[in-house]
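Observations on the three-dimensional arrangement
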Amino acid sequence: MRRLSLTLPAMLLAAPVAAADLNVTVQIPQLNVAEYHRPYTAVWVEREDHSVAAQLAVWYAQKESKEGAGTKWLPELRQWWRRGGRELQMPVDGVSGATRPAGDQKLSFHEGKAPLAELAPGKYELVVEAAREVGGREVVRVPFTWPAAAPQQLAAQGSSELGAVKVDLAP
């Protein structure tokens, strides 16, 4: 029987390469209003010139209804719509989904995998926009550098339609 022996440098080369992670928590607040509707929400990454680098999530009423819910109201996410939403054909696999209830909504992404596969090293902003029927509209931005050299926890606070938006980066 033949034995295979690896030297330490060979074992290090054979070890999996660590990839950067981007973990996002979007807090959708519970609002005490007479008529509550879950917000349409878009989450994306913008370059310094405000062009879209990656579409991360779009939550909307996916079934068309008599009241006109569904894709008809996506343009209410004004910044997202103008910066690339109008060019998407809904639904988008791995990006679009149903509106989310109040509470913390978590998203995880990994370097080299969609939708971050094409994200070059540099400075970016994570952007979260929410719009709610019979409610308001809000945008929250969290600047970050990709990939992170060290673990980072970044956050920004919404004031009405969004609560805390947290970004955890791992090298």
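Structure: see above.
This text gives an overview of the structure that appears in the document. The model shown is predicted, which means the values in this text are computed figures rather than measured ones.

The next point concerns the side chain of Glu-129. Tracing the sequence through the fold places Glu-129 in strand 6 (residues 122-131). For Glu-129, a relative accessible area of 0% corresponds to the buried category. In this structure the side chain of Glu-129 is engaged in a polar contact, spanning 2.8 Å, whose partner is the backbone nitrogen of Trp-80. Setting aside anything within four residues of it in sequence, one finds Glu-129 in contact with Tyr-40, Thr-41, Ala-42, Trp-44, Glu-76, Leu-77, Arg-78, Gln-79, Trp-80, Arg-137, Glu-138 and Val-139.

Bridge count between strand 1 (residues 21-28) and strand 9 (residues 164-170): six bridges; the pairing is antiparallel. Its bridge partner lying in strand 9, Asn-23 is registered against Asp-168. The sheet contact formed by strand 8 (residues 152-157) and strand 9 spans six bridges and is antiparallel. In the sheet register, Gln-157 faces strand 9, and the bridge partner there is Ala-164. Linking strand 8 to strand 9, which pair antiparallel, is a turn of six residues.

The next thing to look at is the sheet that holds strand 7 (residues 137-146). By definition, the strands of a sheet pair up through backbone hydrogen bonds, in either a parallel or an antiparallel sense. Read across the open sheet, the five strands follow the order 4-3-2-6-7; overall the sheet is mixed. Across the chains shown, the open sheet's two edge strands, defined by having one partner strand only, are strand 4 (96-97) and strand 7. Bridge analysis of strand 3 (residues 52-59) against strand 4 gives two bridges, and the strand direction is parallel. Note on strand 4: the bridge partner recorded for Val-58 is Ser-96.

Turning our attention to the pattern of salt bridges. Within the structure shown, the criterion is met by six salt bridges. As a salt-bridge pair, Arg-137 and Glu-129 come within 2.9 Å of each other at their nearest N and O atoms. The partly exposed category is assigned to Arg-137, whose relative accessible area is 30%. Linked by salt bridges that have partners in common, Glu-46, Arg-83, Glu-125 and Arg-141 make up one network.

This next bit is on the sheet that holds strand 9. Pairing within the open sheet is antiparallel, and its four strands lie in the order 5-1-9-8. Where the open sheet ends on each side, the last strands, each with one partner, are strand 5 (103-110) and strand 8. If you compare each strand with its neighbour and ignore which way they point, the axes differ by 15 degrees on average.

What counts and how
Residues numbered from 1 in each chain as written. Predicted model: local features only at pLDDT ≥ 70, side-chain atom pairs only at ≥ 80, totals over all residues. Heavy atoms only, no water. Helix = DSSP H or I, 4+ residues; strand = E, 2+ residues; numbered from the N terminus. Buried < 20%, exposed > 50% of the residue type's maximum accessible area, 1.4 Å probe, protein only. Polar contact = N/O pair within 3.5 Å; in protein donor to acceptor, adjacent residues only side chain to side chain. Contact = heavy atoms within 4.5 Å. Pairing = 2+ DSSP bridges. Salt bridge = Lys/Arg side-chain N within 4 Å of Asp/Glu carboxyl O. Axes fitted to C-alpha atoms, helices over the stretch in contact; angles between N-to-C directions.

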